[in-house]
Amino acid sequence: MLDQHLAPHANALSIRNKRMEILGANIANAATPNYKARDIDFSQAFQQAMGTSGNMLTTNAKHIGSLGAQGPESRYRLPLSASLDGNTVELHVEQLQFAENATRYEASLQFLSDRLRGMRTALRGE
Amino acid sequence: MKALTIFDISARAMSAQQVRINAVASNLANAQTITSSAETAYRAMRPVFETEFPLRQAGSGVASVSAVDIEQSKVAPEKRYSPGHPLADPDGYIYASNVDVNEELVDMMEASRQYQNNIEVLATAKSLILKTLSVGK
């Protein structure tokens, strides 16, 4: 029950964290020849994490789980204009996405914090 | 290589940009260097960047960058006729370095901007982690 109450925001935080690493990697590789920028689709990764789509059940030790079980899948970004050295990082896009992701991480954190505070208030019965 | 955190990613990228800035500094310092033969003339250095994929996270999209090599510019050094120069060869020629100062300054600016971008990523990640630590207080 407690798990269900907190799961959406906990999952969202973990995916946001993963996405921050990937966007950080894109920014780090802004000058690397032939580097292809990547990103993850948040809504797809979130549905996967909540078990509402995609994941196959493994009821036997010999079953192979779906790839989604290993974490969100990253895809290559389609560049508006790729540079001549094969690099597809567009700094303005990455910076924008990074800022958006950080803000949404903070929002999820706030929601999680509020839920915890709500439960504490209920426990105290003040 | 072990798993990379966002701090590792940005730190490595900053080291790579640092190598680039060092190369620019060396090139600019030697922009006016003169020698008496084409072979010994100073040639501009350029670091080569390569993406680093951590083994355990292959395919996850997490990757950093490192300066794997430093290449020398293939532009021929400038040959100048200056018989009075103390370093002139028997035919009266001196050889100046092939550094293009404009190119170096542009490179320096790009490296410095990208260094700043990585610092920004680091600062944002740090503040989010600190906020996460104080959840529920």
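In this section: the interface of chain A and chain B. Counting residues at the interface gives 27 residues for chain A, matched by 31 residues for chain B. Roughly 2,400 Å² is buried in total at the junction of chain A and chain B, and carbon and sulfur atoms are behind 62% of that figure. Here chain A is connected to chain B by one salt bridge. A salt bridge links E106 of chain A to K131 of chain B; the shortest N-O distance between them is 2.8 Å. Where chain A packs against chain B, one counts three residue pairs in polar contact (both at pLDDT 80 or more). Mapped onto the side of chain A that touches chain B, the elements with two or more residues apiece are α1 (2-28) and α3 (91-124) of chain A. If you tally residues by element for the side of chain A that touches chain B, the top one is α3 of chain A, at 11 residues. A class-by-class count of the residues in the side of chain A that touches chain B yields 15 nonpolar, six polar and six charged.

Next up on the list: the packing of aromatic side chains. Applying the stated criterion across every chain yields a total of two aromatic pairs over all chains. One residue, R16 of chain A, lies across the ring of F42 of chain A, its end atom 3.8 Å from the ring centre. The cationic tip of K79 of chain B hangs over the ring face of Y93 of chain B; the distance from NZ or CZ to the ring centre is 4.5 Å.

The next subject is the environment of R16 of chain A. Tracing the backbone shows R16 of chain A in helix α1. Discounting residues that sit within four places of it in the chain, R16 of chain A has contacts with F42, N101, R104 and Y105 of chain A.

Rules and cut-offs
Residues numbered from 1 in each chain as written. Chains lettered and ligands numbered in written order. Predicted model: local features only at pLDDT ≥ 70, side-chain atom pairs only at ≥ 80, totals over all residues. Heavy atoms only, no water. Contact = heavy atoms within 4.5 Å. Buried area = accessible area lost by both parts, 1.4 Å probe. Salt bridge = Lys/Arg side-chain N within 4 Å of Asp/Glu carboxyl O. Polar contact = N/O pair within 3.5 Å; in protein donor to acceptor, adjacent residues only side chain to side chain. Helix = DSSP H or I, 4+ residues; strand = E, 2+ residues; numbered from the N terminus. Nonpolar A, V, L, I, M, F, W, Y, C, P; charged D, E, K, R; others polar. Phe/Tyr/Trp six-rings, centres within 6.5 Å; stacked < 30°, edge-to-face > 60°. Lys NZ or Arg CZ within 6 Å of the ring centre and 35° of its normal.

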